[in-house]
Amino acid sequence: QVQLVESGGGLVQAGGSLRLSCVASGNIFSRNTMGWYRQAPGKLREWVTFITSGGSTTYTDSVKGRFTISRDNAKNTMYLQMNSLKPEDTAVYYCNGPLREYPWGQGTQVTVSS
């Protein structure tokens with residue numbers, strides 16, 4: 001089974017930046033759409049962004065222009081560069097496919113202070 005491991009979260013001030021990583025146990029990024037989700041306390045887990053096997057990207061409106069998704073197929077790793085962070089970005093961030101078809105990883109906590 002595919003295993004996904006997220007990392008790179010932390011505590012930053014508003015306006016700061018973080019880069020998250022998602023490492024897969026198999027080569028799933030080369031031919032599959034993958035993306036990032038996030039979940040704040042008391043909130044539903046929401047989709048943030050996807051990247052297709054061809055490199056096309058989409059973003060939820062709230063992060064557009066601030067976040068950038070990318071991947072390195074050779075490293076089986078996907079990234080989320082987060083700039084101009086806002087307190088409302090505070091959440092646990094997860095990676096998965098568009099149908100949430102893989103087991104969830106542990107997620108990585110992103111906390112943005114005012």
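Caption draft 1: Up close: the packing of aromatic side chains. Evaluated as defined, the whole model comprises 4 aromatic pairs. A centroid spacing of 5.8 Å and a plane angle of 75° characterise the contact between Y37 and F50, whose relative ring orientation is edge-to-face. Taken together, the residues Y37 in strand β4 (residues 34-39) and F50 in strand β5 (residues 46-51) connect sequence positions 13 residues apart. The exposure classification of Y37 matches that of F50, with both residues buried. Both rings, one in Y37 and one in W104, keep their centres 5.4 Å apart while their planes meet at 90°; by these two values the pair is edge-to-face. You can see Y37 sitting in strand β4 and its partner W104 sitting in the loop between β9 (91-96) and β10 (108-113), a full 67 residues away along the chain. Taken together, the aromatic side chains of Y37, W47, F50, Y94 and W104 make up a single cluster linked through ring pairs. The ring of Y94 has R45 lying over it, and the distance from NZ or CZ to the ring centre is 3.6 Å. The positively charged end of R45 is found above the aromatic ring belonging to W104, 4.4 Å away from the centroid.

Caption draft 2: The arrangement of the pattern of salt bridges in detail. For the structure shown, the criterion picks out 4 salt bridges. Across the salt bridge formed by R38 and E46, the nearest N and O atoms sit 2.8 Å from each other. On the basis of relative accessibility, which here comes to 36%, the residue E46 falls in the partly exposed class. Residues D89 and R38 are paired through a salt bridge, measuring 3.0 Å at the closest nitrogen-oxygen approach. With D89 in the loop between β8 (77-82) and β9 and R38 in strand β4, this residue pair connects regions lying 51 residues apart in the sequence.

Caption draft 3: Geometry of unusual backbone geometry. For N76, which is not glycine, the phi torsion reads 50° and is therefore positive. Mapped onto the fold, N76 is located in the loop between β7 (67-72) and β8. Since its relative accessible area comes to 16%, N76 is described here as buried. Even without a glycine there, the phi angle at S84 is positive, about 50°. With respect to the helices and strands, the residue S84 is situated in the loop between β8 and β9.

Caption draft 4: Examining the state of the cysteines more closely. Within this structure, the stated rule accounts for 1 disulfide. Note that C22 is cross-linked by a disulfide to C95, the S-S spacing being 2.0 Å. Note on the C22 and C95 pair: the S-S dihedral is about 70°, so by sign convention the disulfide is right-handed. Placement of the pair is C22 in strand β3 (residues 18-24) and C95 in strand β9, with a sequence separation of 73 residues. The burial state of C22 is the same as that of C95; both residues are buried.

Caption draft 5: Structural view of the nonpolar core. In this structure, L4, W36, F67, M78, M82 and Y93 are the most contacted members of the largest nonpolar core, which totals 27 residues. When contributions to this core are tallied by element, the ones reaching two or more residues are β3, β4, β5, β7, β8, β9 and β10. At 4 residues, β3 tops the list of elements feeding residues into this core. Residues contacting F67, with those up to four places away along its chain left out, are R38, V48, Y59, L80, Q81, M82, N83, L85, D89 and Y93.

Here is what the cut-offs are and how they apply
- Residues numbered from 1 in each chain as written.
- Predicted model: local features only at pLDDT ≥ 70, side-chain atom pairs only at ≥ 80, totals over all residues.
- Heavy atoms only, no water.
- Phe/Tyr/Trp six-rings, centres within 6.5 Å; stacked < 30°, edge-to-face > 60°.
- Helix = DSSP H or I, 4+ residues; strand = E, 2+ residues; numbered from the N terminus.
- Buried < 20%, exposed > 50% of the residue type's maximum accessible area, 1.4 Å probe, protein only.
- Lys NZ or Arg CZ within 6 Å of the ring centre and 35° of its normal.
- Salt bridge = Lys/Arg side-chain N within 4 Å of Asp/Glu carboxyl O.
- Disulfide = S-S within 2.5 Å.
- Core = buried A, V, L, I, M, F, W, Y, C linked by side-chain atoms within 4.5 Å.
- Contact = heavy atoms within 4.5 Å.

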